[in-house]
Amino acid sequence: MGGAMNGYYAGGDPLVDTKDPGGPITERWDKRRFEAKLVNPANRRKRTVIIIGTGLAGGSAAATLGEAGYQLKVFCYQDSARRAHSIAAQGGINAAKDYRNDGDSVQRLFYDTVKGGDYRSRESNVYRLAQVSAAIIDQAVAQGVPFAREYGGLLDTRSFGGVQVSRTFYARGQTGQQLLLGAYQALERQVASGTVELNTRHEMLELVVIDGRARGVVVRDMVTGAFETHLADAVVLASGGYGNAYYLSTNAMGCNVSATWRAHRKGAYFANPCYTQIHPTCIPVSGEHQSKLTLMSESLRNDGRIWVPAVAGDTRDPALIPEAERDYYLERTYPAFGNLVPRDVASRAAKQQCDAGRGVGPGGLGVYLDFADAIKRLGRETIEEKYGNLFDMYAKITDEDPYSTPMRIYPAIHYTMGGLWVDYDLESTVPGLFVIGEANFSDHGANRLGASALMQGLADGYFVLPGTIGDYLATNPLPAGIDATHPAVLEAEAAVRERTARLLAVNGSRTVDSFHRELGSILWEYCGMERNEEGLTKAIGLIRELREAFWADVKVTGVNEELNQSLERAGRVADFFELAELMCIDALHRRESCGAHFRTESRTPEGEALRIDEEYSHVAAWEFTGDGAPPILHREHLGFEHIKVQARSYK
Amino acid sequence: MKITLRIWRQPDRDAAGSMATYEVAGISPDMSFLEMLDVLNEELALAGGDPVAFDHDCREGICGMCSLVINGLAHGPEALTTACQLYLRHFTDGQVIDVEPWRATPFPVLKDLVVDRGALDRIVAAGGYISAPTGAAPEAHSVPVPRKDAERAFDAAACIGCGACVAACPNGSASLFLGAKITHLGALPQGQPERDARALAMVEQHDAEGFGGCSQIGECTAVCPAGIPLDMISQLNHDVLTALPRGKDQRG
């Protein structure tokens, strides 16, 4: 399958230089840090770095680089850095501390993460992630993050899907919030000390590339509409994921792809865009006007039992369905992991039950997550203590009491493993453009285990990027004399102005949201949990038609020179259209089932997902070649020296 | 359901604002309050009008971005609930609902229902942190934290920084916000070295931003979506009084 497929894409050269330091895997990170050139502490204040996004990755990176003495210009679209969507992460953060003496180690966290990612991530990156994981907990505790404690005063842990040790640290069901507040407070401390210039309500709309290097951004002041150009020695994107391409997702409403997509159009390869994680424990859709889906932490699966009525079409009250007429399908099919199978397995199993007519609730798109046994065993008080806020949230949204009747859950789009391609230094294919956290593609492979996104965001921000970007800054400073009059700057500014004017000029008859909803339903239908060639080909056609209709008929109200939320949304949806097509092309090329993705053409005789390692053990990194032109596929081969690649089985 | 909305419209920071009336019909009790505004905004856009600007993001009650005063109550009539988690089932068919922005001098209106809450960030920047440079952290288990203290810290750390406490306070005080951060960091052993300096610096910034003083009215805790209790203001006062004679010179 080396070449193009029906003209959807062209084959390109393989990506070979990942800057992997090589040598024993246990020593690679030390080796890389030792070989990196350093910037003298006195010179650091002369180096400026732009960071887009203030979530766990961006906030922690800015705080750390500011503390180290660099000058930072930080931008976020929210009104405060504390509101980045990392704040919504609930369940926990993994770390190889082995506080439980249950056999955990760096090696085991490394193994679980590579296996959980279905052997589609890089060994070197994942090993490093496991190595620094323990230091993240130390850092957070030092900042005052109130992790759960045992009565002896030591840290408590719990287990998460896909693993058999208890390595997840948590702060009730609000771990992301507490970790983010730690990073945000450290960031504000740097604001006060003058190393960080924080610009809230600013959105990046273009990357400035000068002589092949990322040197700045064009942003829009979302209050005044003013376009501003900021130049720097290097640019870091920490702008999160693109799950909102599906319209309905667990992401915050403002989460978008624009920063990474604009960079992609300027030369940064986009890797594995079709890798989107579908989370099994979300509150099901209730109506047409729903604007988002709410996640219920996966930690609930520690104590909740998942079941459906054994017979299709059984609409009785769950309390009236006796044990014998219930199917605890995860426990039955996957006895070793039971309700704690990885997210992709749990999601697909739920969909299969619902497709077979055994779903519960409105429209039959739901399965039960039942705490009756746990409450009987542990008492209501214990359950309340562990999951109280989640139960309250569920009750608020559904108007049902989960203590007395089982929760209803259904899979939803949650996290995107794809993102801009980066090397071992977290640098993209555009020199000087670094990408961290969910915005890059690395570490999680084709699937993300629970409690690992917070780990990656903070690993990148606190430890990895600060360990690699110095090497770039030491050797590639912004040349003297480059300012806002440089042709590349003028070109980037003109592009932003032109695009904004174009959006405002259409004055059509359909709202931005109506286009977004339609795009989302196409993606969910054809590029969601299950994909196949026929559906994906159809989706590409539909997306192209819809994109044309968008540019001909969208209604964007108001003007640029004001706080204009309609314009903000229109720009983001325009980018989602372009990304959506690439997601489908990427899904089309990957004719295997892996991670969260089930290609119906690729299954085992038992109907389980079938990976095809000989053909697809690679990262698919896409090069932009122009509007309407087929993208070029560059493959980065994934070799596994330290972990034996095997069929994933959770039975 | 059909709802009549009277909404504060204000084109920008410097313009005069006024209430405008809109009717939204054909909505369901299972929709959230913000989803009703989405519907209104789509209708306004199609009719060539200017949609209502309002802040919102996660719609899960955790990011703290939504900020509506609904029928005179910050975040509306339900206890422990942000505006984004408020559902129309809590209203009645045909009801008239007033929707206004947070009102406080340090929170200027930027447009319609959107206000600038940057003052809260500046209070945090003044001292709402524990100085812990990356890489300098001791092993996490080297400092045991009694569970009771960790729980107390968490209860306080649950503040989402939305500013409802300010909007509800007749004095325009941010004392509950302050008290939550002071209590969070002060309850932990890690927070002790800077405890005095933190309290004094944060209060000083609070006052400089133009927030009012606390007179223990309690409106703040009544509307707080995160359930931050009033005694955290007592903790704040205690910490400030203890710190005053010692001064803030222990933080260079």
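- Looking at an unreviewed UniProt entry, one finds chain B named Succinate dehydrogenase / fumarate reductase iron-sulfur subunit, with Paeniglutamicibacter psychrophenolicus as its source organism.
- For the record of chain B, the UniProt heading Sequence similarities (unreviewed entry) holds the text "Belongs to the succinate dehydrogenase/fumarate reductase iron-sulfur protein family."

**Some words on the overall build of chain A**
- Along the backbone of chain A there are 17 helices and 24 strands.
- Here the C-alpha coordinates of chain A stretch approximately 75 × 60 × 50 Å along the principal axes.
- A total of 651 residues make up chain A; the buried ones form 66% of that total.
- Sequence-distant contacts in chain A: of pairs separated by 6 or more residues, those separated by 24 or more amount to 74%.
- Accessible surface, chain A: about 20900 Å² in total, of which carbon and sulfur atoms supply 50%.
- Looking at charge distribution, chain A has the averaged site of its 70 positive side-chain charges lying 2 Å from that of its 83 negative ones.

**Here's the deal with the interface of chain A and chain B**
- On the side of chain B, 74 residues touch chain A, which itself brings 76 residues to the contact.
- Taking both partners together, chain A and chain B bury about 6200 Å²; carbon and sulfur atoms supply 52% of that area.
- Its largest share of buried area at the contact with chain B, chain A owes to A:R83, A:R172 and A:K396, together 11% of the area lost on that side.
- Linking A:E385 and B:R147 is a salt bridge whose minimum nitrogen-to-oxygen distance equals 2.6 Å.
- Summed over the shared surface of chain A and chain B, the number is 45 residue pairs in polar contact (both at pLDDT 80 or more).
- Going through the elements one at a time, helix 3 (56-68), helix 5 (123-143), helix 6 (175-193), helix 11 (380-398), helix 12 (453-475), strand 19 (510-511), helix 14 (512-526) and helix 16 (565-589) of chain A are the ones with two or more residues in the side of chain A that touches chain B.
- Among the elements that make up the side of chain A that touches chain B, the one with the highest residue count is helix 6 of chain A (eight residues).

**Description of the nonpolar core**
Residues and elements named next belong to chain A.
- If you look at the biggest cluster of nonpolar residues, it comprises 194 residues, and the most contacted ones within it are I51, I93, F147, L237 and L433.
- If you tally residues by element for this core, the top one is helix 16, at 14 residues.
- In this structure, I51 is in contact with G58, A61, A62, L65, L72, K73, V74, F75, V236 and A238, ignoring residues within four places of it in sequence.

**What about the pattern of salt bridges?**
- Tallied over the entire structure, the rule returns 74 salt bridges over all chains.
- B:R9 is paired through a salt bridge with B:D112; the nearest N and O atoms lie 3.2 Å apart. One end of the pair, B:R9, is in strand 1 (residues 3-9); the other, B:D112, is in the loop between strand 6 (109-111) and strand 7 (114-115), and 103 residues separate them in sequence.
- A cluster of three or more residues bridged by salt bridges with shared partners is formed by A:K19, A:R32, A:D423, A:D425, A:E427 and A:D471.

**Re the sheet that holds strand 4 (residues 73-74) of chain B**
Residues and elements named next belong to chain B.
- The strand order across the open sheet built from five strands is 2-1-5-3-4, with neighbouring strands paired in mixed fashion. Here the strands that pair on one side only, and so sit at the sheet edges, are strand 2 (18-24) and strand 4.
- Relative to strand 5 (residues 96-100), strand 1 is paired through four bridges, and the arrangement is parallel. Looking at the pairing, L5 lines up with I97 of strand 5.
- Where helix 1 (residues 33-46) meets the sheet, its contacts fall on strand 1, strand 2, strand 3 (69-70) and strand 5, and the angle it forms with strand 1 comes to roughly 80°.

**What to know about helix 13 (residues 487-506) of chain A**
Residues and elements named next belong to chain A.
- Along its 20 residues, helix 13 runs 29 Å from first to last C-alpha, staying within 8% of the 28 Å computed at 1.5 Å per residue.
- Along helix 13, the residues classified as buried are A488, V489, A492, E493, V496, R499, T500, L503 and V506.
- Two residues or fewer past helix 13, N507 is found with a positive phi of approximately 50°.

**Digging into helix 1 (residues 28-35) of chain A**
All names here are of chain A.
- Of the positions making up helix 1, those classed as buried are R28, W29 and R32. Buried residues along helix 1 cover an arc of 100° about the axis, so they all sit on one side.
- Buried residues along helix 1 sit in contact with helix 5 and helix 12.

**Some remarks on the confidence of the model for chain B**
- Overall, the predicted model of chain B reaches an average pLDDT of 96, with 98% of residues at or above 70.
- Among the prediction metrics, the complex's ipTM stands at 0.98, with pTM recorded as 0.97.

**Digging into the pairing of strand 24 (residues 632-637) of chain A**
Residue and element names in this part refer to chain A.
- Pairing analysis gives two bridges linking strand 1 (residues 10-11) to strand 24, with the strands arranged parallel. From the neighbouring strand, A10 faces strand 24, where its bridge partner is I632.
- Bridge count between strand 23 (residues 618-623) and strand 24: six bridges; the pairing is antiparallel. Within the sheet, the bridge partner assigned to A621 lies in strand 24 and is H634.

**Structural notes on the domain arrangement of chain B**
Residue and element names in this part refer to chain B.
- Under the domain assignment, chain B is made up of domain 1 (2-111) and domain 2 (118-131 + 141-251).
- When each unit is reduced to the centre of its C-alpha atoms, the spacing between domain 1 and domain 2 is 29 Å.
- Between domain 1 and domain 2, the buried area comes to about 1200 Å², and carbon and sulfur atoms account for 69% of it.
- When the buried area of domain 1 at its contact with domain 2 is split by residue, L80, P106 and F107 rank highest and sum to 40% of it.
- Across the contact surface, domain 1 and domain 2 share zero salt bridges.
- At the boundary of domain 1 and domain 2, one finds one residue pair in polar contact (both at pLDDT 80 or more).
- A class-by-class count of the residues in the side of domain 1 that touches domain 2 yields nine nonpolar, five polar and one charged.

Cut-offs and rules
- Residues numbered from 1 in each chain as written.
- Chains lettered and ligands numbered in written order.
- Predicted model: local features only at pLDDT ≥ 70, side-chain atom pairs only at ≥ 80, totals over all residues.
- Heavy atoms only, no water.
- UniProt positions renumbered as here; feature names shortened; annotations may be inferred.
- Helix = DSSP H or I, 4+ residues; strand = E, 2+ residues; numbered from the N terminus.
- Buried < 20%, exposed > 50% of the residue type's maximum accessible area, 1.4 Å probe, protein only.
- Contact = heavy atoms within 4.5 Å.
- Areas by Shrake-Rupley, 256 points an atom, 1.4 Å probe, with all protein chains shown as cover.
- Lys, Arg positive; Asp, Glu negative; His and termini not counted.
- Charge placed at Lys NZ, Arg CZ, Asp CG, Glu CD.
- Buried area = accessible area lost by both parts, 1.4 Å probe.
- Salt bridge = Lys/Arg side-chain N within 4 Å of Asp/Glu carboxyl O.
- Polar contact = N/O pair within 3.5 Å; in protein donor to acceptor, adjacent residues only side chain to side chain.
- Core = buried A, V, L, I, M, F, W, Y, C linked by side-chain atoms within 4.5 Å.
- Pairing = 2+ DSSP bridges.
- Axes fitted to C-alpha atoms, helices over the stretch in contact; angles between N-to-C directions.
- Expected span 1.5 Å × (residues − 1).
- Arc of directions from axis to C-beta.
- pLDDT = per-residue confidence, 0-100.
- Domains from an automatic or database assignment.
- Nonpolar A, V, L, I, M, F, W, Y, C, P; charged D, E, K, R; others polar.

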